[in-house]
Amino acid sequence: MLLAVLYCLLWSFRTSAGHFPRACASSKSLTEKECCPPWAGDGSPCGRLSGRGSCQDVILSTAPLGPQFPFTGVDDRESWPSIFYNRTCQCFSNFMGFNCGSCKFGFRGPRCTERRLLVRRNIFDLSVPEKNKFLAYLTLAKHTTSPDYVIPTGTYGQMNHGTTPLFNDVSVYDLFVWMHYYVSRDTLLGDSEVWRDIDFAHEAPGFLPWHRLFLLLWEQEIQKLTGDENFTIPYWDWRDAENCDVCTDEYMGGRNPANPNLLSPASFFSSWQ
């Protein structure tokens, strides 16, 4: 079961490189269960005419399920993404993305053949201008609607099996908040019953690779948003930290002196919703 979950998680990113592509949120795409939008470069599905990819059946893991999840057909995340789409773009060479319009991580250029090496830095090693740029990029992502992705506001069943799409716009930043929530939320069993003993991103071997890919996708979306191909998310090395060193108004925000459950009003992020 754990290996099957890992396989499905990694396959979901391979086929969609995100969550729900805006181009595949129509009733036509959902009822036909096909997400193979055209690449703008040549107008063909998955950039097929340019050799970037082709529309293919999704191949699911055949590994048997274990006792950790004793249900079938109750969770949209089972055998992801087949409840919504069973045909998606499968990209060739160094291309990736829901329409094969992006380059795999570590490559750039018009044909995704130029190797690139980016280095993540300790947040405390950033200069003041570099730190301020990072915070400004986050704020821009927080307040910019994602041009490529939407998020569901209902299950596939609530969408009448695709005939009534239920999606909302989301900011570039909140897209990743949603993805992290969606993959780890409880299973809804109906009649207010939930199954809490499941977490597809944290309680399985997929924990490390899922989050590494999550960060790569987040970096990629901010790079596209800002045009800064060299952007990387800084890290905080907390291994020897006795306290939360980044929990100050200079970085991620200190506590509100009047309410410790809120950020300090002097924090860069205090106005975020």
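Residues numbered from 1 in each chain as written. Predicted model: local features only at pLDDT ≥ 70, side-chain atom pairs only at ≥ 80, totals over all residues. Heavy atoms only, no water.

## Here we look at the state of the cysteines
Point 1. Counted by the stated rule, this structure contains 6 disulfides.
Point 2. Between the sulfur atoms of Cys24 and its disulfide partner Cys35 the distance amounts to 2.1 Å. Judged by the sign of its S-S torsion, about 80°, the cystine formed by Cys24 and Cys35 is right-handed. Separated by 11 residues along the polypeptide, Cys24 in the loop between β1 (20–21) and α2 (27–32) and Cys35 in strand β2 (residues 34–35) bring together distant segments of the chain.
Point 3. Here Cys91 connects covalently by a disulfide to Cys100, the sulfurs 2.2 Å from one another. Between Cys91 and Cys100, the S-S dihedral sits near -95°, and the bridge is therefore left-handed.
Point 4. Judged by its relative accessible area of 0%, Cys100 is buried.
Point 5. Cysteine pairing for the protein, with bonded cysteines counted in sequence order: 1-2, 3-5, 4-6, 7-8, 9-10, 11-12. (Disulfide = S-S within 2.5 Å. Helix = DSSP H or I, 4+ residues; strand = E, 2+ residues; numbered from the N terminus. Buried < 20%, exposed > 50% of the residue type's maximum accessible area, 1.4 Å probe, protein only.)

## Remarks on helix α3 (residues 128–142)
Point 1. For α3, which comprises 15 residues, the first-to-last C-alpha distance of 21 Å matches the rise-based estimate of 21 Å (1.5 Å per residue) to within 8%.
Point 2. Of the positions making up α3, those classed as buried are Lys131, Phe134, Leu135, Tyr137, Leu138, Ala141 and Lys142. Buried residues of α3, seen end-on, are gathered within an arc of 155° and therefore sit on one face of the element. Projecting away from the buried face of α3 at angles above 90 degrees are the exposed residues Val128 and Pro129. (Expected span 1.5 Å × (residues − 1). Arc of directions from axis to C-beta.)

## Quick notes on the environment of Asp197
Point 1. Tracing the backbone through its elements, the reader meets Asp197 in the loop between β12 (193–195) and α5 (207–226).
Point 2. The class for Asp197 is exposed, based on a relative accessible area of 55%.
Point 3. Between the alpha carbons of Asp197 and Thr187 there is a distance of 8.5 Å; along the sequence they are 10 residues apart.

## Things to note about the sheet that holds β1
Point 1. The strand order β1-β9-β10 describes an open sheet built from 3 strands, whose pairing is antiparallel. The open sheet has two edge strands, β1 and β10 (167–168), and neither has a second partner.
Point 2. Across 2 bridges, the pairing between β1 and strand β9 (residues 149–152) is antiparallel. Looking at the pairing, Pro21 lines up with Tyr149 of β9. (Pairing = 2+ DSSP bridges.)

## Things to note about the UniProt feature "domain: Tyrosinase copper-binding" (unreviewed entry) in the protein
Point 1. UniProt marks residues 202–219 with the feature "domain: Tyrosinase copper-binding" (unreviewed entry), using the numbering shown here.
Point 2. In the segment residues 202–219, helix accounts for 72% and strand for 0%; the C-alpha atoms at its two ends are 21 Å apart. (UniProt positions renumbered as here; feature names shortened; annotations may be inferred.)

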